[in-house]
Amino acid sequence: MPLELQWAVDERVEGLEAPLTRVCEACFDLEGVKNAGMTVRIASKEEVHALNREMRGVDRETDVLSFPMGENGNYDVNHETGAKILGDIVISVPKAMEQAKTYGHSFEREMGFLTAHSMLHLLGYDHEAGGLARVRMREKEEQVMRELGLPASASYATTPRA
């Protein structure tokens with residue numbers, strides 16, 4: 001699975017690529033996806049805020065953004081690797097650190113959750129409409145987290161997310 005990790009912040013978090021790769025692989029396994037890749041960009045709060053405003057028309061901070069490259073299961077293919085190009089994920093590491101404290105769990109768990117959340121968006125899931133689609137996406141996110149040994153803590157389970 002080709003995962004391109006881009007760093008757009010000065011301070012790097014050592015050892016982040018392996019757990020993010022495991023999360024992506026777990027999402028692929030869950031959904032039966034073979035030979036696909038994406039870019040994960042580690043960014044500042046300011047960059048993610050600006051992207052949220054420019055790309056979604058939402059002028060506020062957010063923790064993660066997903067930019068799917070496919071539609072209805074159809075994706076471009078990387079001609080060098082043959083992998084489907086799912087899209088891009090942009091994660092605000094400072095926001096993830098804040099949220100880990102707020103929700104009372106580890107930074108690793110928060111980064112894992114944000115990556116799983118975005119991966120599911122790249123694979124066509126959407127929670128924004130609410131209802132059953134939201135429930136299904138949340139169940140899949142937590143299934144991936146449990147499989148990786150990063151289940152929700154009690155404080156997380158009782159704290160609603162947008």
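Just so it is clear, the model here is predicted, and its values are computed rather than measured. (Residues numbered from 1 in each chain as written. Predicted model: local features only at pLDDT ≥ 70, side-chain atom pairs only at ≥ 80, totals over all residues. Heavy atoms only, no water.)

**Q** I would appreciate a short explanation of helix H3 (residues 93-103) in the present structure.
**A** Val93, Lys95, Ala96, Gln99, Ala100 and Tyr103 are the residues of H3 that are buried. With its buried residues spanning 150 degrees around the axis, H3 presents them on a single face. Across from the buried face of H3, at angles greater than 90 degrees, the exposed residues are Lys101 and Thr102. For H3, the capping residue at the N-terminal end is Ser92, with a side-chain oxygen 3.2 Å from the backbone nitrogen of Lys95. (Buried < 20%, exposed > 50% of the residue type's maximum accessible area, 1.4 Å probe, protein only. Helix = DSSP H or I, 4+ residues; strand = E, 2+ residues; numbered from the N terminus. Arc of directions from axis to C-beta. Polar contact = N/O pair within 3.5 Å; in protein donor to acceptor, adjacent residues only side chain to side chain.)

**Q** I'm lost on unusual backbone geometry in this one. Help?
**A** The bulk of non-glycine residues show a negative phi, and the bulk of peptide bonds are trans. Of note in the backbone geometry, Asn35 takes a positive phi value of approximately 50 degrees without being a glycine. Mapped onto the elements of the fold, Asn35 is located in the loop between helix H1 (17-31) and strand E2 (36-43).

**Q** Looking at this structure, how should I read the packing of H1 against helix H5 (residues 131-147)?
**A** In a packed pair of helices, the relevant descriptors are the angle between the two axes and the axis-to-axis distance. H5 packs onto H1 with a crossing angle of 120 degrees between their chain directions and a minimal axis gap of 10 Å. Compared by their axis directions, H1 and H5 come out oblique. Between H1 and H5 lies a crossing whose hand is right-handed. Residues Val23, Ala26, Cys27, Leu30 and Glu31 of H1 lie in contact with H5, whose contacting residues are Lys140, Gln143, Val144 and Met145. In terms of residue class, the contact of H1 with H5 is built from 6 nonpolar, 1 polar and 2 charged. (Axes fitted to C-alpha atoms, helices over the stretch in contact; angles between N-to-C directions. Parallel < 35°, antiparallel > 145°, perpendicular 65-115°, else oblique. Left-handed = near helix turned anticlockwise from the far one by under 90°. Contact = heavy atoms within 4.5 Å. Nonpolar A, V, L, I, M, F, W, Y, C, P; charged D, E, K, R; others polar.)

**Q** Can you walk me through the pattern of salt bridges in this structure?
**A** Pairing between side chains becomes possible if they bear opposite charge and their charged atoms approach one another. With the rule as written, the count across this model stands at 9 salt bridges. The partner of Lys45 in a salt bridge is Glu61, with the nearest N and O atoms 3.9 Å apart. Placement of the pair is Lys45 in helix H2 (residues 45-56) and Glu61 in the loop between H2 and strand E3 (64-68), with a sequence separation of 16 residues. The salt bridge partner of Arg138 is Glu141, with a shortest N-O separation of 2.9 Å. Separated by 3 residues within a single helix, Arg138 and Glu141 lie in helix H5, roughly one turn from each other. Judged on exposure class, the residue Arg138 and its partner Glu141 are both buried. A cluster of three or more residues bridged by salt bridges with shared partners is formed by Lys45, Glu61, Lys95 and Glu98. (Salt bridge = Lys/Arg side-chain N within 4 Å of Asp/Glu carboxyl O.)

**Q** Looking at this model, I keep getting lost on the confidence of the model for the protein chain. Mind explaining?
**A** Detailed reading of the predicted model is not advised wherever pLDDT is low. When pLDDT is averaged along the protein chain, the result is 89; 93% of the residues meet or exceed 70. Scored below 50 in pLDDT, residues 154-162 makes 22 contacts in the model with residues more than four places away or belonging to other chains. (pLDDT = per-residue confidence, 0-100.)

**Q** What's the story with the nonpolar core in this structure? I'm lost.
**A** Considering soluble globular proteins, one finds that nonpolar side chains tend to be buried as a cluster. Of all hydrophobic cores here, the largest spans 33 residues; its most connected members are Met38, Val40, Ile42, Leu86 and Met119. Breaking this core down by element, the ones donating at least two residues are strand E1 (3-7), H1, E2, strand E5 (84-92), H3, helix H4 (107-122) and H5. For Val40, the contacting residues outside a window of four places in its chain are Leu3, Glu4, Leu5, Gln6, Leu20, Ile89 and Ile91. Counting residues in each nonpolar core, the second largest holds 5 residues, with Ala43, Val48, Leu51 and Leu65 among its members. (Core = buried A, V, L, I, M, F, W, Y, C linked by side-chain atoms within 4.5 Å.)

**Q** Help me understand the environment of Ala8 in this model?
**A** Along the chain, Ala8 falls in the loop between E1 and H1. Separated by 84 residues in sequence, Ala8 and Ser92 place their C-alpha atoms 9.8 Å apart.

**Q** Sorry, what's going on with the pairing of E1 here?
**A** Only one face of E1 is covered, namely the one carrying Leu3, Leu5 and Trp7; the face carrying Glu4 and Gln6 has none of its residues buried. With H1 bridging E1 and its parallel neighbour E2, the resulting β-α-β unit is left-handed. (Right-handed = clockwise from strand over helix to strand, strands pointing away.)

**Q** Teacher, can you tell me more about the pairing of E5 here?
**A** Strand residues, when the strand is regular, have side chains that alternate between the two faces of the sheet. Sheet topology places E2 next to E5; 8 bridges connect them, and they run parallel. Pairing of Ala36 across the sheet is with Lys84, part of E5. Summarising the sheet, E3 and E5 pair through 5 bridges and their orientation is antiparallel. The residue bridging Phe67 from the neighbouring strand is Asp88, located in E5. As paired strands, strand E4 (residues 76-77) and E5 are joined by 2 bridges and run antiparallel to one another. Its bridge partner being in E5, Val77 is matched across the sheet by Lys84. Counting the residues in the hairpin turn of E4 and E5 gives 6 residues, including Gly82, whose phi is positive at 80 degrees. (Pairing = 2+ DSSP bridges.)

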